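Structural characterization, general
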Amino acid sequence: MMKKMSMSTSKTSLVLFLCQIISALDVPLDSKLLEELSQPPTITQQSPKDYIVDPRENIVIQCEAKGKPPPSFSWTRNGTHFDIDKDAQVTMKPNSGTLVINIMNGGKAEAYEGVYQCTARNERGAAVSNNIVIRPSRSPLWTKEKLEPNHVREGDSLVLHCRPPVGLPPPIIFWMDNAFQRLPQSERVSQGLNGDLYFSNVQPEDTREDYICYARFNHTQTIQQKQPISVKVFSMDSLNDTIAANLSDTDIYGAKPVTERQPVLLTPTGSTSTKVELRGNVLLLECIAAGLPTPVIRWIKEGGELPANRTFFENFKKTLKIIDVSEADSGNYKCIARNALGSVHHVISVTVKAAPYWITAPRNLVLSPGEDGTLICRANGSPKPSISWLANGVPIAIAPEDPSRKVDGDTIIFSHVQERSSAVYQCNASNEYGYLLANAFVNVLAEPPRILTPANKLYQVIADSPALLDCAYFGSPKPEIEWFKGVKGSILRGNEYVFHDNGTLEIPVAQKSNAGTYTCVARNELGKIQNEVQLEIKDPTMIIKQPEYKVIQRYGQVSFECIIKHDSTLLPTVTWLKDNDELPDDERFLVGKDNLTIMNVTDKDDGTYTCIVNTTLDSVSASAVLTVVAAPPTPAIIYARPNPPFDLELTGQLERSIDLSWIPGDENNSPITSFVVEFEDALHEPGVWRYQTEVPGTQTMAQLKLSPYVNYSFRVIAVNRIGRSQPSEPSEQYLTKSASPDENPANVQGIGSEPDNLVITWEPLKGFQSNGPGLQYKVSWRQKDVDDEWTSVIVANVSKYIVSGTPTFVPYEVKVQALNDLGYAPEPSEVIGHSGEDLPMVAPGNVQVHVINSTLAKVHWDPVPLKSVRGHLQGYKVYYWKVQSLSRRSRRHIEKKILTFRGNKTFGMLPGLEPYSSYKLNVRVVNGKGEGPASPDKIFKTPEGVPSSPSFLKITNPTLDSLTLEWGSPTHPNGVLTSYTLKFQPINNTHELGPLVEIRIPANESSLILKNLNYSTRYKFYFNAQTSVGSGSQITEEAVTIMDEAGILHPAVDAGKAMASRQVDIATQGWFIGLMCAVALLILILLIVCFIRRNKGGKYPVKEKEDAHADPEIQPMKEDDGTFGEYSDAEDHKPLKKGSRTPSDRTVKKEDSDDSLVDYGEGVNGQFNEDGSFIGQYSGKKEKEPAEGNESSEAPSPVNAMNSFV
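Cut-offs applied
In every chain, residue numbers begin from 1 and rise along the written sequence. Only residues with pLDDT of at least 70 get local features here, since the model is predicted, and only at 80 or more are side-chain atom pairs given and counted; chain-wide, interface and lining totals rely on the full set of residues. The side-chain figures draw on all heavy atoms in the structure; neither hydrogens nor water molecules are used. The numbering of helices and of strands both runs from the N terminus, where a helix is a DSSP run of H or I of at least 4 residues and a strand a run of E of at least 2. Basic side-chain nitrogens of Lys or Arg form a salt bridge, by our definition, when they fall within 4 Å of a carboxyl oxygen of Asp or Glu. Buried means the residue's accessible area, taken with a 1.4 Å probe over protein chains only, is under 20% of the maximum for its type, while exposed means over 50%, and partly exposed covers the values in between. Only the six-membered ring of Trp is used, alongside the rings of Phe and Tyr, when aromatic pairs are assigned; centres must lie within 6.5 Å, and planes under 30 degrees apart are stacked while those over 60 apart are edge-to-face, with the rest tilted. Two strands qualify as a pair provided that DSSP identifies no fewer than 2 bridges between them. Working convention: axes come from line fits to C-alpha atoms, limited for helices to the stretch in contact. Angles between N-to-C directions cover 0 to 180 degrees. Two residues form a contact once any of their heavy atoms are found within 4.5 Å. In plain terms, two cysteine sulfur atoms within 2.5 Å form what is called a disulfide here. Among buried residues, those of type Ala, Val, Leu, Ile, Met, Phe, Trp, Tyr and Cys that are joined through side-chain atoms within 4.5 Å constitute a nonpolar core.

Comments concerning the environment of K593
Looking at the element boundaries, K593 is found in the loop between β53 (589-591) and β54 (595-598). Along the chain, K593 and I563 lie 30 residues apart, while their C-alpha atoms are 8.5 Å from each other.

What follows is the structure in structure tokens.
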């Protein structure tokens, strides 16, 4: 490892870094210019730091560098100069620093072990390579040892030790038998990380004599074998048989049966252990347990979770593998071994350290004499690495002094540099786990101006389009650029021109007057140079007569015109396209100077035809549609889908393209309009066919674009107007070469999941987009609007990376670049993300409430400062709840309501409030993390409103001229009740309403007796309550006064569709008397007929048959009061049955809606006239309660019973 050097670091280094002004020059990539400019050496290729070589082959230590003049090379070995001229076995490649040590001609690799370092030097400075440690690989033999057979009782645990020889690099261990077959492994038998073979419990089938441990040394391609190990397992049955054979019949014998055992850890031992791993490496933790039944291993991380997407379980979950570990993976990891008898655990304390890694590596500086600049070298690690500087390979403390240079910790500041300040600086960042070495040169150039744009270059542009005149230049100090019109014209200025930093002059809207000679002048303190360019302005190309829409009959002729006007100095070319593709190769298509003619038009000529006019400077186009209509009827032809193409052939194979040809199948009387080419990727998605391209039906070949690292097969589908053919047989396979990715992941986002992290996600590339093996992603981020460098990490083929330790909710620039084993994808675009949100810190202030009416209020508040939101502002939430009703002092369960107002809104409406109530509310700001603190509770009250309807209305105690009304107060008074209003009116036999009577009743009353009513009359009642605001909704009811004292008619609210009975005394009507006589006569005749038939035909039990088959709709008269029982017509009067009766207490039961006409006693068949009066049936709500004995369906007498038939 390179020697560490300490250096004091100024506290002001961060301030200097933020405030520095770097005026480095950009050197154009002009090959001629690069050949002429002096440049310090740059190391371009070197061998790895830890270089293990094959002792049987020549040792090649690479060191390549570039510079102007070309650098010379020298080497050190173990810190001292290595004189290669004195060693005949060592040579250096021509024009290179690469050493070749000849081992194959007698040299010994062990003699050249050591630490090598290459220096590339020219007159501008010296660059050095890393320290390259050369070690030959070793594959020693196993030491001789005598191995005793292992005798084990069934169920016991066993460890077979491998103990391979120490090699370089360490060997790969595996176990096989004499037949070179790998020994099977399972949860019971497995190989540990140290190479030993562990048996959690042995079984009889484990008995064998050829347990052999092998060690494979990859560098030397050798395999060493340990002596076979013998294992003999004694089962309990065989042991009992052996004991029985050696004892008499009278002896008591027998070995104990196989007993189950709790888990015991075979490795690691004890209850705790520690492990240190380096950042970026793979962490491997192992737990192997003995026990019967075989224990099952489970892993947890104490106080956290195992990292997703980076955690893997191997060796039957006995090994925990975490890839790409970071400091966040430090902690205690517990393995738990469990079987049916118990469990055992072991805690491994993991500490993740880090070798140095770059935060900001120094970059080359190209400066002009007298300019300032800085070299910054920043690295991180655990422990924190020390930073030391070297100049041209010499520690800067003993290097030649440079008055323009000042070292400030990890920064070198250059002020007023001169040409002698050119040098190569090395930054060494090191800690106990490794080091980083970076070369960065400071190249001070004093060069007079040079113009790289060719002299008298001609620029031609179309009028009214931009003109860009180049003046590529270089000079040190950086030259100033000026433009002149003409050779002796005045300097160009003003809004008419745009002057770019690279020297280009832009005329945004070029006119004819702008044509002419332009002169570019570049000057600095070392000289001046000028160059002239020519600008010509051309007239635009126009189509003065465009093709027009055509409708042509099949087999006819059609012509499209395309007449153009163009600049006389430009040569136009006219191209015709059909449906954005070339015209069919058909002699029927005739292309003239100004037109396109199609002869003998067919259906496949239907489409869009485009005329494209191109010149060297511009292009215009115009299109028209051709519609082909049917010709006169022809005999019916059977059309069908085409037959599939056949005989597919691949030709012209290139890395990114290939030609596919085929022979079309029969088109089946419908011309083939197109061919669809599909491909299968047998490497990534075998069996899945995807769309590749589509070509016109006249083409039988297609040039297909290919992607790298795809195993292609192709098939072709023919298409006509009827449909698609079956796919052709697949072509032969073609595997393209690997390449670096062409594209980067899509949908890159940076959204924090916690206040101190940034979760970077992306959509991974699909298999065929990887372009090669080893797909990975370079994830980069830096804080936006802060002068900070990019931090990057390379991750596996995953879709997420979490950056920890970020400030709360700050913007970050994020980018994700794909790479594979062959290189990187193009530089990705940057997206803006934010680190994680935290809960808001401040509550909204100045909360005010304005009560609009009894059910609506408006709340205002002041917005919180955006900085205190600590996240994306989503809006504000208003929590409000009713404290109590002002009309009832009883408290109830508090139900809080929440209203959310999106965005930065500062007011909102609170609907649905209850009148005459006391409310509280508070306001909270909301971000993506959650809600902030609540504002202080604000109390407000709602004014009175109108009450709800009375809770019930009962009508009882009917007499000839009075009714008693009882009611309940409203469920929701919504204020202080002032009175009740009762309105009622009679209903006559034709359902017409009589005059309306209104009575005002004090609020403290709950019943009323109405007197002086008409006897045997139906009344309708309307009842509501009032507050100071107004009247509430009303409840309605109907009742009937009784006809006389003898037959008391209990009032009832009809339910269902029963019509109100007509209260007319028809007992004295003549037609009624005649009807009754007719009925009596008919009954007498039926009795006589039955009597005669019985006497003539023998005994006939009429009575029994009548009893057995009685008509349920016709019931006999009641014997106790001489009235009819319940009677109804089976078709027209079913609503008069028992099931439709109304309860006798006349109570109207309210259910869902206070405003429903049904709830107020109005039937569903009721209607309203245009003036609002009610017509139709009057009925109450249907009830399913059984009728009591004292109830009736308003037919208490035979007269009323018959009346129901009218």
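Back to the write-up after that little detour.
Some points on the pattern of salt bridges
Across all of its chains, the model carries 38 salt bridges by this definition. Residue E482 is joined to R523 by a salt bridge in which the shortest nitrogen-to-oxygen separation is 2.7 Å. Here E482, found in strand β42 (residues 480-485), pairs with R523, found in strand β45 (residues 516-524); they are 41 residues apart in sequence, far enough to count as distant. E482 gets classed as partly exposed once you look at its relative accessible area, which sits at 23%. In this structure, D605 engages R588 in a salt bridge whose closest nitrogen and oxygen atoms are separated by 2.8 Å. Residue D605 is located in the loop between β54 and β55 (607-614), and its partner R588 is located in the loop between β52 (581-582) and β53; the two are separated by 17 residues in the primary sequence. Ionic contacts of the salt-bridge type, sharing partners, join the residues D177, R208 and D210 into one network.

Looking at the packing of aromatic side chains
As enumerated under the stated definition, the model contains 21 aromatic pairs in all. An angle of 75 degrees between the planes, with centres 5.8 Å apart, marks the rings of F82 and Y116 as edge-to-face. Here the residue F82 occupies a position in the loop between β6 (80-81) and β7 (90-92), and Y116 occupies one in strand β9 (residues 114-122), the gap between them amounting to 34 residues. In terms of burial, F82 and Y116 fall into one category: buried. Plain terms: the ring middles of F180 and Y214 are 6.2 Å apart, the flat faces sit at 45 degrees to each other, and that makes the pair tilted. Of the two residues, F180 sits in the loop between β14 (172-176) and β15 (189-191) while Y214 sits in strand β17 (residues 208-217), which places them 34 residues apart along the sequence.

Let's talk about the sheet that holds strand β75 (residues 897-902)
Across the sheet, four strands lie side by side as β75-β74-β77-β78; this open sheet has antiparallel pairing. This sheet does not close on itself; its edge strands, each paired only once, are β75 and β78 (938-941). Between one strand axis and the next, the sheet turns through 30 degrees on average, direction left out of account. Pairing of strand β74 (residues 873-885) with strand β77 (residues 917-927), which is carried by eleven bridges, proceeds in the antiparallel orientation. Each residue of the ladder has a partner; that of G875, found in β77, is V926.

Examining the environment of A127
Assignment of secondary structure puts A127 in strand β10 (residues 125-128). Residue A127 is classed as buried on the basis of its relative accessible area of 0%. Spatially, the C-alpha atom of A127 lies 9.7 Å from that of F73, the residues being 54 residues apart in sequence. Dropping the residues within four chain positions of it, A127 is found in contact with P41, I43, C118, T119, A120, V424, Q426 and N439.

Focus on the state of the cysteines
Counting across every chain of the model gives six disulfides. Covalently, C162 is tied to C213 through a disulfide, its sulfur atoms 1.9 Å apart. On the sign convention where negative is left-handed, the bridge of C162 and C213, at about -65 degrees about the S-S bond, is left-handed. You can see C162 sitting in the loop between β13 (158-160) and β14 and its partner C213 sitting in strand β17, a full 51 residues away along the chain. For the pair C162 and C213, a shared accessibility class is recorded, and that class is buried.

Some words on the nonpolar core
If you look at the biggest cluster of nonpolar residues, it comprises 29 residues, and the most contacted ones within it are I59, I61, W75, I101 and Y116. At the level of secondary structure, the elements contributing two or more residues to this core comprise β3 (59-61), β4 (63-68), β5 (72-77), β8 (99-101), β9 and β11 (132-136). It is β9 that provides the largest number of residues to this core, a total of three residues. Residues contacting I61, with those up to four places away along its chain left out, are S47, Y51, W75, G97, T98, L99, I101, Y116, I132 and I134. Within the second largest apolar cluster, 21 residues are counted, among which are A379, F414, V417 and L436.

A short note on the sheet that holds β45
Read from one edge of the open sheet, four strands run β39-β46-β45-β42, paired in mixed fashion. Of all strands in the sheet, those with a lone pairing partner are β39 (457-462) and β42, marking the two edges. On average, each strand axis in the sheet is inclined to that of its neighbour by 25 degrees, with strand direction left out of account.

Section: unusual backbone geometry
Here the residue pair T267 and P268 is connected by a cis peptide bond, since its omega of -5 degrees sits within 30 degrees of zero. Note the cis peptide between L292 and P293, where omega equals 0 degrees. Considering the arrangement of structural elements, one finds P293 in the loop between β23 (288-292) and β24 (296-301). Backbone geometry at N747 places phi at a positive 55 degrees, although glycine is not the residue there. Residue position: N747 is located in strand β64 (residues 746-751). When its relative accessible area of 44% is taken as the criterion, N747 is described as partly exposed.

By themselves, these observations are geometric and do not establish any function.
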